[in-house]
2 protein chains.
Amino acid sequence: MPRKSSRRREGRSANAVNQLPWRSVENPIPPIALLSEDQLEAIHQTSLRILEELGIEFMSDEALSVFKAAGCDVDKASGSVRLDRAFVDEMLAKAPSQFTLTPRNPEHRLTIGGKHLCFASVSGPPNVSDLDSGRRAGNFADFKNLLKLAQSLNVVQYIGNQICATTDLSPETRHLDCSVAAATLTDRVFSSLSIGAERAVDTFQIMAMSRGETLEDLEKNPGILSVINVNSPRRFDGAMAEGLMALARHGQATVVTPFTLMGAMTAVSLPAALAQQNAEALAGIVLTQIVNPGAPVIYGAFTSNVDMKSGAPAFGTPEYAKATIASGQLIRRYGLPYRSSNPNASNCVDAQAAYESMMSIWSSVLGGANIVNHGAGWLEGGLTASFEKMILDAEMIQGMIEFLTPIKVDEAELGYEAIAGVGPGGHFFGEAHTLERYETAFYAPMLSDWRNFESWEEAGAEDATQRANKIWKQLLAEYEPPPLPEDRREAMEAYIARRREEIERRAA
Amino acid sequence: MPRKSSRRREGRSANAVNQLPWRSVENPIPPIALLSEDQLEAIHQTSLRILEELGIEFMSDEALSVFKAAGCDVDKASGSVRLDRAFVDEMLAKAPSQFTLTPRNPEHRLTIGGKHLCFASVSGPPNVSDLDSGRRAGNFADFKNLLKLAQSLNVVQYIGNQICATTDLSPETRHLDCSVAAATLTDRVFSSLSIGAERAVDTFQIMAMSRGETLEDLEKNPGILSVINVNSPRRFDGAMAEGLMALARHGQATVVTPFTLMGAMTAVSLPAALAQQNAEALAGIVLTQIVNPGAPVIYGAFTSNVDMKSGAPAFGTPEYAKATIASGQLIRRYGLPYRSSNPNASNCVDAQAAYESMMSIWSSVLGGANIVNHGAGWLEGGLTASFEKMILDAEMIQGMIEFLTPIKVDEAELGYEAIAGVGPGGHFFGEAHTLERYETAFYAPMLSDWRNFESWEEAGAEDATQRANKIWKQLLAEYEPPPLPEDRREAMEAYIARRREEIERRAA
């Protein structure tokens, strides 16, 4: 029935997807405290003891040399670095508490730190899923569609590293294709794949070219951030350590993130996990400041627990929410920007995905996080980037942003005259006070369906996940690439052609 | 295939549903503030102006006489009562800030006020739904099943008024059947249907008999709470006003709750809605204290917004969350216990139902609510009591309660030795510190499925709603009525037989 289908398509595109405008969000709610000052101090002291007595392993000769040159206690044989507390304090004092990241569209500049709050796309999943095609290994076509979708959503303010895997591209050169895709299909801050220095620098070059600038310009005015994961417990892999140093040297933002799953990569108690997380994060942050004092750096907290029945990681749990808020308390001690996440462990886009994500989003907000990685699209403990979940997350994030908008109280808003004008048992539908403001008075949802049951049933009784499926298709259908001067595009294409040839020649 | 089905049943009942124990919950998080002191004062002052200048209508001669006798400005013709601020202050000072409600099982006593937090079953929906039978008008069999389910869930700590409609019972006498069902199938605090004094007193009698006590005993040691809704704007219906006075006279807890949907029953701005809500709530609370100084009373806040496109009510919105937290600020001014709710507007048990409910639960917790009506089971803007939603809510509430459990920090929990015992890049699975505590270290969910994708898919790829369906069936299959001395049961049966006869004779 092509007629019907065509009519339906027209109907959809006539209805724009409801979105909040792009907005620099400040979180007005003072962060809450779950730990007393004494408890916080005990965790802090334990983490310093870990740094002083146990040390952190860096599997990079270069990193060990840097620590050594800075006067640290380095054991070259084991790769272990011990840091004393005075030195840690001295290095932490050099890190900025707030900075900006500027993508090719300066209107999409991010301020990171203070009360600022930004949400990212998901990053890193090997798989992709949607209701139509199910779950499959990620490929470059999915990668580009996820980028387009992220660009279409105003609340997805930066692009995580590798929005999904690209198993159809060569592992040696896919960072080139992926960076150019991010730089052309979006106009937002994006992340470098910082496995080693070389890949990171390629991405810096591409960001610089997308801005019509040089690498030197980018170094003065950063535009890239990148997660450096710790191989917890207490180990930085070589490629991660070298990626970290490349980010710091070139003045781009490092997000040092221990991945401390209680029961697996750390002990099964929250204070132990936080102490270990803190030691690991501080070690990486110290390295950024040795390499380049004042380099932008973000403390990433990602402590959750495994399901002790199956050993599977769990996210958005009560323990995860506690860890997220308690981490904020620790991080504010050091005056650093804070990265949290929006994870869940559900295998499909259902009520569990929603309530676990809400635990993650609320604890990020109450913990004073500045950037929320995996803000939109994360499913299945991070193993899948879901098109429908990206819409679900965008709705939940929009709701949160609207919640964080301060309440205005003045004579007009207090509306005494309006109240006086409606008698007991009456209604306010037709009142002037109502008519003047009803169109913009309340949050208009993207995904929530507030029709009555009968209308909803008659329209097909679709649940939120089915509606999300239609919304991402509409957004992709309506996607328009953000304008990019042709010379910048050509510069990027020429750069990656040359680099691809170099890398392939070297491998041959 | 009876073999397979029977095997599956055995498998299910062998696995007990994970539950937290019954627990008196205290919320350690200081309530957050969305309004400045000046803003709060402006709303408070506007509400006093409404009480002084506009007045509140009470459609009950008895209520008007009570106000008149207390010296208030009463206009008998319009039913309007004007209250001056000094008198309001004087009456509010008489209301207790905390009290207890004792059901027939004293272990299920509730403390209401302070930092205490309890969740109720849903109340009032005309419809019932579950995945098997869909949506239908509520009947007495559903009513009893929902009571059994509520009794089976440790986090559902009291029973709301009319857990669903009982359209197969006579409207004149169903309060008798429903009260006895609540008093026999549960051992929890339950609510009276307070449409008029007579129905309310019948329920008081039944609660007293279930405790093996008299009405006089119950008056000294209350066991009932009941919502008295305001017919906003600014009107108490006759039956509600008389129900309120009956509750107060007999020393049971009144939950005075304006239902202020912005755009319909109040103006479309939050400050106006809060000012009107406050005036209405205070008027009802004042009446309880005139009737019986010191009577237990709870300020109920239920301000949300309508969808301005359709006029349909919306819940769990950003505005709802703001109203819930701001209401807490107002209520703490008066030193009264605070009732909030856990509503959502979804038409099915999906991601929307989950994220809207999470907005409601989080804002209740952050707003310092003491009791959360409609805690478990509310669907479709309150038009449906859902069996699956009751499980979903119980999971979300359990997670919240676990989140509110304070973090313990001591040497053992800091686990320095455990951390020292695992080398860089190792794992903690087999460590003594892990083995000693892993079984109870983390929250064990009721509904969340944390298996990996392959195991989950092989087990049928059920989403959270489908799993909730199995859980409520298991709980109903395993339900055992809480023990009740036979003489108390007989007393209740005799009472309602006599009352039924009286009511039917009078009607004939």
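Residue and element names in this part refer to chain B. Of the two faces of strand β5 (residues 98-101), only one is covered, namely that formed by F99 and L101; the face formed by Q98 and T100 stays uncovered. Alignment of β5 against strand β6 (residues 110-113), held across four bridges, turns out to be antiparallel. Its bridge partner being in β6, Q98 is matched across the sheet by G113.

Below, the discussion takes up the sheet that holds strand β21 (residues 378-379) of chain A. All names here are of chain A. Taken in spatial order, the four strands line up as β9-β8-β22-β21 in an open sheet, and their pairing is mixed. Looking at which strands have only one partner, the edges of the open sheet turn out to be β9 (134-137) and β21. As paired strands, β21 and strand β22 (residues 384-386) are joined by two bridges and run antiparallel to one another. Looking across to β22, one finds that W378 is bridged to A385.

Here we take up the side chain of S232 of chain A. Tracing the chain through its elements places S232 of chain A in the loop between β12 (224-230) and β13 (235-236). A residue is classified by how much of its surface remains accessible, and S232 of chain A, at 5% relative accessible area, is buried. Separated by 3.4 Å, the side chain of S232 of chain A and the backbone nitrogen of F259 of chain A make a polar contact. One polar contact links S232 of chain A to E280 of chain A, side chain to side chain, over a distance of 2.7 Å. S232 of chain A has contacts with P258, F259, T260, M265, Q276 and E280 of chain A together with G426 of chain B, leaving out every residue within four places of it along the chain.

The two copies are related by a screw operation: chain B maps onto chain A through 180° of rotation and 0.0 Å of translation along the axis, at an RMSD of 0.0 Å. Overall, the copies show the geometry of a two-fold rotation axis. In terms of proximity to the rotation axis, the leading residue of chain B is A351 of chain B, whose C-alpha is 2.0 Å off the axis. Mapped onto chain A, 100% of the interface residues of chain B are again interface residues, and the two copies thus contact each other with one and the same surface.

All right, on to the packing of helix α5 (residues 140-152) of chain B against helix α6 (residues 174-185) of chain B then. Residue and element names in this part refer to chain B. Two numbers describe how α5 lies on α6: the axes approach to 10 Å, and their chain directions differ by 30°. Taken as axis vectors, α5 and α6 run roughly parallel relative to one another. Regarding α5 and α6, the two cross each other, and that crossing is right-handed. Together, F140, F143, K144, L147, K148 and Q151 of α5 and D177, C178, A181, A182 and L185 of α6 make up the contact between the two elements. Tallied by class, residues from the contact of α5 with α6 come to seven nonpolar, one polar and three charged.

With that out of the way, let us pick up the interface of chain B and chain A. Contacts between the two partners involve 107 residues from chain B, matched on the other side by 107 residues from chain A. For the pairing of chain B and chain A, the buried interface totals around 9300 Å² over both sides, and the portion due to carbon and sulfur atoms is 69%. Along the contact surface separating chain B from chain A lie two salt bridges. Across the salt bridge formed by R135 of chain B and E454 of chain A, the nearest N and O atoms sit 3.6 Å from each other. Applying the counting rule to chain B against chain A returns 38 residue pairs in polar contact (both at pLDDT 80 or more). Broken down by element, the side of chain B that touches chain A gets its largest block of residues, nine residues, from helix α12 (residues 351-366) of chain B.

For the structure shown, the criterion picks out 25 aromatic pairs over all chains. Ring geometry for F58 of chain B and F236 of chain B: centres 4.5 Å apart, planes at 10°, overall stacked. Here the residue F58 of chain B occupies a position in strand β2 (residues 56-58), and F236 of chain B occupies one in strand β13 (residues 235-236), the gap between them amounting to 178 residues. The class for F236 of chain B is buried, based on a relative accessible area of 0%. Relative to F315 of chain B, the ring of F259 of chain B lies with its centre 6.5 Å away and its plane at 10°, an arrangement referred to as stacked. Within this pair, whereas F259 of chain B is found in the loop between β14 (253-258) and β15 (260-262), its partner F315 of chain B is found in the loop between β18 (313-314) and α11 (318-334), the two being separated by 56 residues in sequence. On the basis of relative accessibility, which here comes to 1%, the residue F315 of chain B falls in the buried class. The positively charged end of K473 of chain A is found above the aromatic ring belonging to W472 of chain A, 5.9 Å away from the centroid.

Now for the confidence of the model for chain A. Residues and elements named next belong to chain A. In this model, chain A carries an average pLDDT of 95, and 97% of its residues clear a pLDDT of 70 or more. For the stretch residues 1-13, pLDDT sits under 50, and the model shows four contacts to residues farther than four places along the chain or on other chains. Interface confidence for the predicted complex, given as ipTM, is 0.96, next to a pTM of 0.96.

Residue and element names in this part refer to chain A. Inspection of every chain in the model, using the stated rule, returns 54 salt bridges over all chains. E502 is paired through a salt bridge with R499; the nearest N and O atoms lie 2.7 Å apart. Residue E502 and its partner R499 are located together in helix α19 (residues 486-507), separated by three residues, close to a single helical turn. What makes R499 buried here is its relative accessible area of 7%. Through salt bridges with shared partners, one network takes in E198, D202, R498, R499, E502 and R506.

Residue and element names in this part refer to chain A. Across the two faces of strand β16 (residues 297-300) the burial is the same, with V297 and Y299 and I298 and G300 all buried. Relative to β16, strand β14 (residues 253-258) is paired through three bridges, and the arrangement is parallel. Of the residues in β16, the one forming a bridge with V255 is I298. Summarising the sheet, β16 and strand β19 (residues 338-341) pair through two bridges and their orientation is parallel.

All names here are of chain A. Taking 1.5 Å per residue, 17 residues should reach 24 Å; helix α13 (residues 387-403) reaches 25 Å between its end C-alpha atoms and fits that length. Within α13, 17 of the 17 residues are buried, which leaves it mostly tucked inside the rest of the structure. You can read the cap of α13 off the contacts: a side-chain oxygen lies 3.3 Å from the backbone nitrogen of E388, and it is on S386.

What follows deals with the packing of helix α2 (residues 37-54) of chain B against α11 of chain B. Residues and elements named next belong to chain B. Their axes nearest at 11 Å, the elements α2 and α11 cross at an angle of 70°. As judged from the angle between their axes, α2 and α11 are roughly perpendicular. Each of L40, E41, I43 and H44 in α2 lies in contact with α11, whose residues at this interface are Q329, L330, R333 and Y334. Considering only residue class, the contact of α2 with α11 consists of four nonpolar, two polar and two charged.

To continue, consider the sheet that holds strand β17 (residues 303-306) of chain B. Residues and elements named next belong to chain B. Strand order in the open sheet formed by three strands is β15-β17-β18, with mixed pairing between adjacent strands. Looking along the sheet, the strands with just one partner apiece sit at the ends: β15 and β18. Strand direction decides the pairing type here: β17 and β18, joined by two bridges, are antiparallel. Paired with N305 across the strands is A314, a residue of β18. Contacts from helix α10 (residues 270-291) reach β15 and β17 within the one sheet, and its direction differs from that of β15 by about 170°. Set on the sheet, α11 makes contact with β15 and β17; between it and β17 the angle comes to about 160°.

Here we come to the environment of T254 of chain B. Residues and elements named next belong to chain B. Mapping T254 onto the fold places it in strand β14. For T254, a relative accessible area of 0% corresponds to the buried category. On a C-alpha basis, the gap between T254 and I503 in space is 25 Å, while along the polypeptide they are 249 residues apart. For T254, the contacting residues outside a window of four places in its chain are S226, I228, L244, L247, A248, T288, P296, V297 and I298.

Residue P233 of chain A is bonded to the preceding S232 of chain A through a cis peptide linkage, with omega at 5°. Following the sequence through the fold, P233 of chain A ends up in the loop between β12 and β13. The residue H374 of chain A is not glycine, and still its phi comes out positive at about 55°. Among the structural elements, H374 of chain A can be located in strand β20 (residues 371-376). Unlike most non-glycine residues, Q162 of chain B shows phi in positive territory, near 55°. With respect to the secondary-structure elements, Q162 of chain B resides in the loop between β10 (158-159) and α6.

We now examine the environment of W450 of chain A. Within the secondary structure, W450 of chain A is located in the loop between α16 (432-441) and α17 (453-458). Through-space distance from the C-alpha of W450 of chain A to that of M359 of chain A is 23 Å; in sequence the pair is 91 residues apart. Those residues in contact with W450 of chain A that sit more than four places away from it in its chain are Y443 and P445 of chain A together with D307, S310, A312, A314, T317, A345, Q352 and E356 of chain B. A polar contact is formed between the side chain of W450 of chain A and the side chain of E356 of chain B, at a distance of 2.9 Å.

Rules and cut-offs
- Residues numbered from 1 in each chain as written.
- Chains lettered and ligands numbered in written order.
- Predicted model: local features only at pLDDT ≥ 70, side-chain atom pairs only at ≥ 80, totals over all residues.
- Heavy atoms only, no water.
- Buried < 20%, exposed > 50% of the residue type's maximum accessible area, 1.4 Å probe, protein only.
- Helix = DSSP H or I, 4+ residues; strand = E, 2+ residues; numbered from the N terminus.
- Pairing = 2+ DSSP bridges.
- Polar contact = N/O pair within 3.5 Å; in protein donor to acceptor, adjacent residues only side chain to side chain.
- Contact = heavy atoms within 4.5 Å.
- Least-squares fit on C-alpha atoms with pLDDT ≥ 70 in both.
- Axes fitted to C-alpha atoms, helices over the stretch in contact; angles between N-to-C directions.
- Parallel < 35°, antiparallel > 145°, perpendicular 65-115°, else oblique.
- Left-handed = near helix turned anticlockwise from the far one by under 90°.
- Nonpolar A, V, L, I, M, F, W, Y, C, P; charged D, E, K, R; others polar.
- Buried area = accessible area lost by both parts, 1.4 Å probe.
- Salt bridge = Lys/Arg side-chain N within 4 Å of Asp/Glu carboxyl O.
- Phe/Tyr/Trp six-rings, centres within 6.5 Å; stacked < 30°, edge-to-face > 60°.
- Lys NZ or Arg CZ within 6 Å of the ring centre and 35° of its normal.
- pLDDT = per-residue confidence, 0-100.
- Expected span 1.5 Å × (residues − 1).

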